[in-house]
Amino acid sequence: MPMSKRPSPAKTPTDPAESVTRDLAEARAETAASPGSASAGMGTAAPATEPKRTRRGRPGYDRETLINKATEVFVARGYDGTSMDTVARELGITKSAIYHHVTSKEELLRLAINRGTDALASAVESESHREDLSALDRLRHAVHSSVLILIEYHHSVTLLLRVRGNSAVERDALEQRRQIDMKIRALVAEAIAEGGVRADFPPGLVTRLLFGMVNSITEWYRPSYPVDPETIAEAVTAMAFAGLAIPRRE
């Protein structure tokens, strides 16, 4: 009696669960045998690749933004009355994020002040040494540039004007102010000697009054002020030097 042939696997009735299991096994085998598979030819499925872990960036601000924001907090609350906890809270970051950029509150103050003083000192220095202008015009340009810098670095210059020498950082800032004042005074004295500025007031007084007007901008200027910085600088320069002009003789 001839033996009956076994049905082919494709025609063998199977349980649905067994069919799914077989299909999965065949899919794994095909993946393992593919040329791009790490386990090709080994007859085993390649282990599942774990997703790469992306390293999160350090939370907080970059260095420049941190200095800007901290300067605003120092101006609003006063440096002496502001702790690093307060700075962190106001900025919405942790103290460790701040210490990633600076080592102390004093260093943060130094960086905040230096942004304005460095720009002022550079402008006054460059104008003082221009050989193509008279002393009066150099003085005029120095005042004009100082107004623009004060507006651009409003909070930084405000801090500079408020320090009282209570720490080494503040004493350094006061010395920087003194150096800038000396350069302006030298320009005033030179302009007087050339006959460009009235000589009936001493250079020191003229310097104080001149920059008293410039520095007063920190008290009222805000970015929302409806006059552009260039117009403000022109107005200050025009008013100041109209008063410094040598009186006409009748």
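What you are looking at is a predicted structure, and each value in this text was computed from that prediction instead of being measured.

Draft legend 1. Focus on the overall build of the chain. Secondary structure summary: the chain contains 11 helices and zero strands in total. Reading the chain from its N terminus to its C terminus gives the helix and strand order α-α-α-α-α-α-α-α-α-α-α. Evaluated residue by residue, the chain yields a buried proportion of 35% over its 250 residues. A separation of at least 24 residues holds for 64% of the contacts in the chain among residues at least 6 apart in sequence. Summed over all atoms, the accessible surface of the chain reaches about 16,200 Å², with 54% contributed by carbon and sulfur.

Draft legend 2. How the structure looks around the pattern of salt bridges. Taken as a whole, this structure holds 10 salt bridges when the rule is applied. With a closest N to O distance of 3.3 Å, Asp85 and Lys95 form a salt bridge. One end of the pair, Asp85, is in helix H3 (residues 84-91); the other, Lys95, is in helix H4 (residues 95-99), with 10 residues separating them in the sequence. By relative accessible area, which is 32% here, Lys95 ends up partly exposed. Here Lys183 makes a salt bridge to Glu125, at a shortest N to O gap of 2.6 Å. Of the two residues, Lys183 sits in helix H8 (residues 168-193) while Glu125 sits in helix H5 (residues 105-128), which places them 58 residues apart along the sequence.

Draft legend 3. Main features of the nonpolar core. If you look at the biggest cluster of nonpolar residues, it comprises 58 residues, and the most contacted ones within it are Val87, Ile98, Leu108, Leu139, Val143, Val147 and Ile217. Summarising the domain contributions, this core has at least three residues from each of domain 1 (13-102) and domain 2 (112-242). Setting aside anything within four residues of it in sequence, one finds Val147 in contact with Val214, Ile217, Ile232, Ala233 and Val236.

Draft legend 4. Quick look at a nonpolar patch on the surface. A contiguous nonpolar surface patch, about 280 Å² in accessible area, is contributed by Phe201, Leu205 and Leu209. As for its position among the elements, Leu209 is in helix H9 (residues 203-215). Of the residues examined, Leu209 reaches a relative accessible area of 59% and is grouped as exposed.

Draft legend 5. Geometry of the UniProt feature "DNA-binding region" (unreviewed entry) in the chain. UniProt's feature table lists "DNA-binding region" (unreviewed entry) at residues 83-102, given in the numbering used throughout. Taken as a whole, residues 83-102 contains 65% helix and 0% strand, while its terminal C-alpha atoms sit 14 Å from one another.

Draft legend 6. Representation of the packing of aromatic side chains in the model. Tallied over the full model, the rule gives four aromatic pairs. Ring geometry for Trp220 against Tyr225: centres 5.0 Å apart, planes inclined by 55°, an arrangement best described as tilted. Note on Tyr221 and Tyr225: the rings are 6.4 Å apart at their centroids and 55° apart in plane angle, and the pair reads as tilted. The exposure class assigned to Tyr221 is buried, which follows from its relative accessible area of 7%. Overall, Tyr225 belongs to the partly exposed group, its relative accessible area being 35%. It is Lys105 that lies over the ring of Tyr79; its NZ or CZ is 4.3 Å from the centre. Between Arg140 and the ring centre of Phe241, over which it is positioned, the NZ or CZ distance is 4.8 Å.

Draft legend 7. Structural detail: the packing of H5 against helix H7 (residues 154-162). The geometry of H5 relative to H7 is characterised by a closest axis approach of 8 Å and an angle of 100° between their N-to-C directions. Classed by the angle they form, the pair H5 and H7 counts as roughly perpendicular. On the side of H5, the interface is formed by Leu109, Ala112, Ile113, Arg115, Gly116, Thr117 and Leu120, while H7 contributes Ser156, Val157, Leu159 and Leu160. The residue inventory of the contact of H5 with H7, partitioned by class, reads seven nonpolar, three polar and one charged.

Draft legend 8. Quick look at H8. Across its 26 residues, H8 extends 37 Å between first and last C-alpha, which sits within 8% of the 38 Å expected from 1.5 Å per residue. For H8, the full list of buried residues reads Val169, Glu170, Ala173, Ile180, Ile184, Leu187, Val188, Ala191 and Ile192. In the core, the buried residues of H8 are packed alongside H5, helix H6 (135-152), H7 and H9. Among the residues trailing H8, Gly195 stands out with phi positive, at a value near 85°.

Draft legend 9. Highlighting the environment of Gly78. For Gly78, the location among the structural elements is in the loop between helix H2 (63-77) and H3. On the basis of relative accessible area, Gly78 is assigned to the partly exposed category, the value being 24%.

Draft legend 10. Here's a closer look at the side chain of Glu127. Looking at the element boundaries, Glu127 is found in helix H5. Of the residues examined, Glu127 reaches a relative accessible area of 10% and is grouped as buried. Other than its neighbours up to four places away in sequence, Glu127 contacts Arg138, His141, Ala142 and Ser145.

Cut-off values and rules
- Here the residue index of a chain counts from 1 through its sequence in written order.
- Only residues with pLDDT of 70 or above have their local features reported here, since the model is predicted, and side-chain atom pairs are shown and tallied only from 80 upward, although totals for entire chains, interfaces and linings are computed over all residues.
- Hydrogens and water are ignored here; the side-chain numbers use all heavy atoms of the structure.
- Starting at the N terminus, helices and strands are each numbered in turn, a helix being any DSSP run of H or I of at least four residues and a strand any DSSP run of E of at least two.
- Here the term buried applies to any residue with accessible area under 20% of the maximum for its type, exposed to any over 50%, and partly exposed to those in between, with areas from a 1.4 Å probe on protein chains only.
- The criterion used for residue contact is that any of the two residues' heavy atoms lie within 4.5 Å.
- A 1.4 Å probe and the Shrake-Rupley method give the accessible areas. Residues count as covered only by the protein chains that appear here.
- The term salt bridge refers to a side-chain nitrogen of Lys or Arg lying within 4 Å of a carboxyl oxygen of Asp or Glu.
- Buried Ala, Val, Leu, Ile, Met, Phe, Trp, Tyr and Cys residues that are joined via side-chain atoms within 4.5 Å together make up what is termed a nonpolar core.
- These domain limits were set by an automatic method or by a database of domain assignments.
- Patches were defined on residues exceeding 30% relative accessible area and lacking a salt bridge, with like-charge contacts within 9 Å and nonpolar side-chain contacts (Val, Leu, Ile, Met, Phe, Trp, Tyr) within 5 Å.
- UniProt positions are given in the numbering used here, feature names are shortened, and annotations may be inferred rather than shown by experiment.
- Planes of paired rings set the category: under 30 degrees apart is stacked, over 60 is edge-to-face and the rest tilted, where pairs are Phe, Tyr or Trp rings (Trp by its six-membered ring) whose centres lie within 6.5 Å.
- Charge over a ring is defined by NZ of Lys or CZ of Arg lying within 6 Å of the ring centre and within 35 degrees of the ring normal.
- Axes here refer to lines fitted to C-alpha atoms; in helices the fit is confined to the stretch in contact. Angles between the N-to-C directions go from 0 to 180 degrees.
- Orientation is classified from the angle alone, with under 35 degrees giving roughly parallel, over 145 giving roughly antiparallel, 65 to 115 giving roughly perpendicular, and any other angle giving oblique.
- Think of it as three bins: nonpolar holds Ala, Val, Leu, Ile, Met, Phe, Trp, Tyr, Cys and Pro, charged holds Asp, Glu, Lys and Arg, and polar takes everything else, Gly as well.
- Given a helix with a known number of residues, its expected span is that number minus one, times 1.5 Å.

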